[in-house]
Amino acid sequence: MDDLPDNLLCQILSNLSTKEAALTSVLSKRWRYLFALVPNLDFNSFSSQHPETMVQDQTSFIDFVDRVLKLRGEDHVSKFSLKCGDGFEDEDVYPWISNVLRHGVSDLSLHVSSSLVYWLPSKVFVSKTLVRLKIGPEDGPKVKLKNVCLPRLKTLNLDSVVFVEGEIGFAKLLSGCPMLEELSLRNLEWGYWGCCYVASKILKRLTLCCAHCDDNPKSVSFDTPNVVYFKYSDNIAHKYPKVNFNSLVKASIDIRMTNDQKSSVRYVSDDDEEREMVGNATKLLMGICNVKTLYLSYDTLETLNFCCEAIPVFNNLTNLTIESNQKVGWDSLPELLKNCPNLETLVFQVDELNP
């Protein structure tokens, strides 16, 4: 391998974590600093931490990241992945993020706890080079967006990130990403906002999965005519003013009622009284009726019993997967199947947690 050029060796080392690549520095003098020239940097503090030596491991990890970034000098960074939890300080992490942004990183992945980075640096959302941005995981950081300028960003993955400005901050984020093609928002909480409006003519893939809670969003709208894949999991909204998925091919829907709403509608149902809708999913279903492949959770089927005026006709639907549960969800199924005239494949998927 010593006969191979440096750029090819760096390409091989880029398939390893930075820690693994650093182990090759003992091979020879030529290999001593070669790992630091790799454009893809992957740092994971969890892989080296042990309870009995946690403080020492954290200090060693900080020194290692500092050393690698210093060895790289002004070299371009293509990909930067950072995973670290409690015990680290903002003053350690912020310079690392600033460093790679300054050196033109195009793929940035930050797996940091909220106790580490309570407020995410605003400069993360002002970058002319970022193409892919991933931030998470559970109990992720808060963001208060002053300016958003991500002219090249195509993929945005946010897990448990809290938008302090609610729908205003989210709208600001979308407007600053004119080339965004894939958007994933997971474990979103409605504490700071009650409405959501996703509008983009460029977006092709959309995932919106909200955390299980006792709140219902007031209003949720989608004006995304070129989205081909849509995954949606949330408590049912009070209303869906606009739902535009003209190009939709595949969708996964998991809308549910809160526990209080379930108790209320089931009690009324048991007494054979007139039921009052606790939300309205009619426009949501009408907006996705062009879909070809559809997955529905058992919660969705139950919710349609109480929260849908009429199930639309799904003329293009050929593949339907239903998550089954013996206790809930079957009343709306006959009407749904009747309104799928071109259905070719029907799959009943057993929920292993609730068979």
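Refer to the structure presented above.
Residues numbered from 1 in each chain as written. Predicted model: local features only at pLDDT ≥ 70, side-chain atom pairs only at ≥ 80, totals over all residues. Heavy atoms only, no water.

Tallying secondary structure elements over the protein gives 9 helices and 17 strands in all. For the protein, buried positions account for 50% of its 355 residues. When contacts within the protein are restricted to residue pairs at least 6 apart in sequence, long-range pairs at least 24 apart make up 62% of them. Carbon and sulfur atoms make up 49% of the accessible area of the protein, which totals about 17,700 Å². (Helix = DSSP H or I, 4+ residues; strand = E, 2+ residues; numbered from the N terminus. Buried < 20%, exposed > 50% of the residue type's maximum accessible area, 1.4 Å probe, protein only. Contact = heavy atoms within 4.5 Å. Areas by Shrake-Rupley, 256 points an atom, 1.4 Å probe, with all protein chains shown as cover.)

At S160, a residue that is not glycine, the phi angle is positive and equals roughly 65°. Assessed through its relative accessible area of 8%, S160 is described here as buried. Of note, the phi angle at N187 is positive, near 55°, even though the residue is not glycine. By the secondary structure assignment, N187 is in strand β8 (residues 182-188). On the basis of relative accessible area, N187 is assigned to the partly exposed category, the value being 33%.

Attention now goes to the sheet that holds strand β13 (residues 243-244). Across the sheet, 3 strands lie side by side as β9-β11-β13; this open sheet has parallel pairing. Pairing within the sheet leaves two strands with one partner each, and these edge strands are β9 (195-199) and β13. Pairing of strand β11 (residues 219-223) with β13 involves 2 bridges; the strand directions are parallel. From the neighbouring strand, D223 faces β13, where its bridge partner is N244. (Pairing = 2+ DSSP bridges.)

Position of S219 among the secondary structure elements: in strand β11. Leaving out residues up to four positions away in the same chain, S219 has contacts with G194, C195, C196, K239 and P241.

F125, F230 and F314 are the most contacted members of the largest nonpolar core, which has 89 residues in total. Looking at which element gives the most residues to this core, the answer is helix α3 (residues 54-72), with 6 residues. Not counting chain neighbours up to four residues away, the residues in contact with F230 comprise L206, F222, F245, L248, K250, A251, S252, I253 and I288. (Core = buried A, V, L, I, M, F, W, Y, C linked by side-chain atoms within 4.5 Å.)

Moving on to the pairing of strand β15 (residues 293-296). Of the two faces of β15, the one lined by L294 and L296 is fully buried and the one lined by T293 and Y295 carries no buried residue. Pairing of strand β14 (residues 250-256) with β15 involves 4 bridges; the strand directions are parallel. Each bridged residue has a counterpart across the sheet, and for K250 the counterpart in β15 is T293. Where β15 lies against strand β16 (residues 319-324), 4 bridges are found, and the strand directions are parallel. Bridging from a neighbouring strand, L294 pairs with L320 of β16.

As a further point, take the packing of aromatic side chains. If you walk through the whole model with that rule in mind, you get 10 aromatic pairs. On the numbers, 5.0 Å between centres and 65° between planes, the contact of F222 with F230 is edge-to-face. Comparing F222 with F230 shows no difference in burial state: the two are buried. Here the aromatic residues F222, F230, Y232, Y240 and F245 are joined through ring pairs into a cluster of three or more. Its end group placed over the ring of Y229, R205 keeps NZ or CZ at 4.3 Å from the ring centre. (Phe/Tyr/Trp six-rings, centres within 6.5 Å; stacked < 30°, edge-to-face > 60°. Lys NZ or Arg CZ within 6 Å of the ring centre and 35° of its normal.)

Taken together, the side chains of W330, L337, L346 and F348 present a nonpolar region at the surface, about 320 Å² in accessible area. In this structure, F348 sits in strand β17 (residues 345-350). Residue F348 is classed as partly exposed on the basis of its relative accessible area, which comes to 41%. (Patch = residues over 30% accessible without salt bridge, like charges linked within 9 Å, V, L, I, M, F, W, Y side chains within 5 Å. Salt bridge = Lys/Arg side-chain N within 4 Å of Asp/Glu carboxyl O.)

Right, let's get into the pattern of salt bridges. Scanning the model with the defined rule gives 3 salt bridges in all. For D107, the salt bridge is made with R132, and the minimal N-O distance between the two is 3.2 Å. Placement of D107 in strand β3 (residues 107-112) and of R132 in strand β4 (residues 132-136) is noted, with a sequence separation of 25 residues between them. The exposure class assigned to D107 is buried, which follows from its relative accessible area of 15%. R132 sits in the partly exposed class, given a relative accessible area of 28%. In this structure, the salt-bridge partner of D223 is K242, at a minimum N-O distance of 3.3 Å. Within this pair, whereas D223 is found in strand β11, its partner K242 is found in the loop between β12 (229-235) and β13, the two being separated by 19 residues in sequence.

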